[in-house]
Amino acid sequence: MDAFSTVIRVASHEQHTEAETSTFMSDLLGGRLGVDAYTRYTEQLWFVYRALEDAAESLKDDPVAGPFIQPELMRVAEIERDLAHLLGPDWRDSVVALPATLAYAARVAECAAEWPGGYVAHHYTRYLGDLSGGQIIRDKAERTWGFERKGDGVRFYVFADISNPAAFKRTYRELLDAIAADDLEKQRIIDECKRAFDFNGAVFRELGEQFSLSA
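First, a word on what this report is: a plain description of the structure on this page. (Residues numbered from 1 in each chain as written. Predicted model: local features only at pLDDT ≥ 70, side-chain atom pairs only at ≥ 80, totals over all residues. Heavy atoms only, no water.)

With respect to the overall build of the protein
At step 1: Along the backbone of the protein there are eleven helices and zero strands.
At step 2: Counting from the amino terminus, helix and strand elements in the protein follow one another as α-α-α-α-α-α-α-α-α-α-α.
At step 3: Expected size for 215 residues packed as a compact globule is a radius of gyration near 17 Å; at 17 Å, the protein falls within 12% of this value.
At step 4: If one aligns the C-alpha atoms of the protein with their principal axes, the spans along those axes are about 50 × 35 × 30 Å.
At step 5: Taking all contacts inside the protein whose residues are at least 6 apart in sequence as the whole, residues at least 24 apart take part in 80%.
At step 6: Approximately 10,300 Å² of the protein is accessible, and the part contributed by carbon and sulfur atoms is 50%. (Helix = DSSP H or I, 4+ residues; strand = E, 2+ residues; numbered from the N terminus. Rg over C-alpha atoms; globule rule 2.2 N^0.38 Å. Contact = heavy atoms within 4.5 Å. Areas by Shrake-Rupley, 256 points an atom, 1.4 Å probe, with all protein chains shown as cover.)

Okay, here's the thing in structure tokens:
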């Protein structure tokens, strides 16, 4: 019997690949879009991570979600520093959530309030992705738009309190393997994980419509 962390990774592979290879992300990482597209993407992240992290305190003692609530992962403060750098001190007045982002954040909040297992699915797809593929985005952003290495504009991707990301991810996967859930619940979590990637893909599609190279 494969470990749950392996099963969840394999089961969501297709959706994960779809999200990663979206036209918007390909254009962004290919340096074909301006810093305004990167800024707009960062704005969308703020809404999703607020939904994740606003719930963290209330879930930290939950038997299912609690073990995953780890302060060194928290991103909202870093995103806010990036947005202040990208948009100026009044950035809160100009950020707008796309419809897909609102739906995504609402689903995260709903899971946080009603279904800790579903919250874990969203937690996993976001934070483990940030520790992995997120580093590619950071490197590209620094080179394409001239951000200071690991500085303002890319702080979202810098996990200053995680000295060994590989070891951290290993420990995180061990938490997944030990999750307090039966087989039926684990399957529901896998399904929610796929939904999380679909939500993410929908955000990319809407960003792609806004920043279309053919327009």
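Moving on from the coordinates now.
Describing the layout of surface pockets
At step 1: Estimated volume of the largest pocket: approximately 590 Å³.
At step 2: In this structure, the largest pocket is lined by 29 residues; those nearest its centre are His 16, Glu 20, Gly 129, Gly 133 and Phe 197.
At step 3: Counting only elements with at least two residues in the lining of the largest pocket, the list comes to α2 (13-20), α3 (23-29), α8 (116-131), α9 (134-145) and α11 (183-210).
At step 4: At six residues, α8 tops the list of elements feeding residues into the lining of the largest pocket.
At step 5: Partitioning the lining of the largest pocket into residue classes produces 14 nonpolar, ten polar and five charged. (1 Å grid on protein atoms, 1.4 Å probe; cavity = no way out; pocket = protein on both sides within 12 Å on 5 of 7 lines; lining within 4 Å. Points joined across faces, edges and corners; volume = space filled by probe spheres on them. Nonpolar A, V, L, I, M, F, W, Y, C, P; charged D, E, K, R; others polar.)

Concerning the side chain of Arg 138
At step 1: Looking at where Arg 138 falls in the secondary structure, it is placed in helix α9.
At step 2: Only 2.9 Å separates the side chain of Arg 138 from the side chain of Glu 142, close enough to count as a polar contact.
At step 3: In this structure Arg 138 touches Arg 149, Lys 150, Val 154, Tyr 157 and Val 158, once residues within four positions along its chain are discounted. (Polar contact = N/O pair within 3.5 Å; in protein donor to acceptor, adjacent residues only side chain to side chain.)

Bear in mind that shape data such as this cannot, by itself, settle questions of function.
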